Amino acid sequence: MSNGITQGKFRVPTLRNVALTAPYMHDGSVATLAEVVQRYSDARDLSLSPAERADLIAFLESLTDHEFVTDARFSAPR
């Protein structure tokens, strides 16, 4: 019997609008994307240059869908 779920796999959360979802980390301990990138860079010993960190942050910010987040159809009900 198949329920549409593949055993041993999971869905990864989207990064859409990630720039709008601060604070970050499981406990909300990181306030900005810059801090997240720095923390992962340090923890994984990635040795990212300042330009690479800026590029990564710019990429993450580019995933923001401004039309979606300002569309009145999706706003909280009154």
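Data block above holds the structure.
So, here is what we can say about the structure in this document. (Residues numbered from 1 in each chain as written. Predicted model: local features only at pLDDT ≥ 70, side-chain atom pairs only at ≥ 80, totals over all residues. Heavy atoms only, no water.)

**Here's the deal with the side chain of T64**
Alright, step 1. Residue position: T64 is located in the loop between α2 (50-62) and α3 (66-70).
Alright, step 2. With relative accessibility at 10%, the residue T64 sits in the buried group.
Alright, step 3. Residue contacts for T64: discarding those within four places in its chain leaves N17, A19 and L20. (Helix = DSSP H or I, 4+ residues; strand = E, 2+ residues; numbered from the N terminus. Buried < 20%, exposed > 50% of the residue type's maximum accessible area, 1.4 Å probe, protein only. Contact = heavy atoms within 4.5 Å.)

**Some details on the layout of surface pockets**
Alright, step 1. In this structure, the largest pocket occupies an estimated 200 Å³ of space.
Alright, step 2. Residue lining of the largest pocket: V12, P13, T14, L15, V18, L33 and L60, and that is the complete set. (1 Å grid on protein atoms, 1.4 Å probe; cavity = no way out; pocket = protein on both sides within 12 Å on 5 of 7 lines; lining within 4 Å. Points joined across faces, edges and corners; volume = space filled by probe spheres on them.)

**Comments concerning helix α1 (residues 33-43)**
Alright, step 1. Residues L33, V36, V37 and S41 constitute the buried set of α1. Down the axis of α1, the buried set is contained in an arc of 130°. They therefore lie on one face. Set apart from the buried face of α1 by more than 90 degrees, the exposed residues are D42 and A43.
Alright, step 2. Following α1 by one or two positions, D45 adopts a phi angle in the positive range, close to 50°. (Arc of directions from axis to C-beta.)

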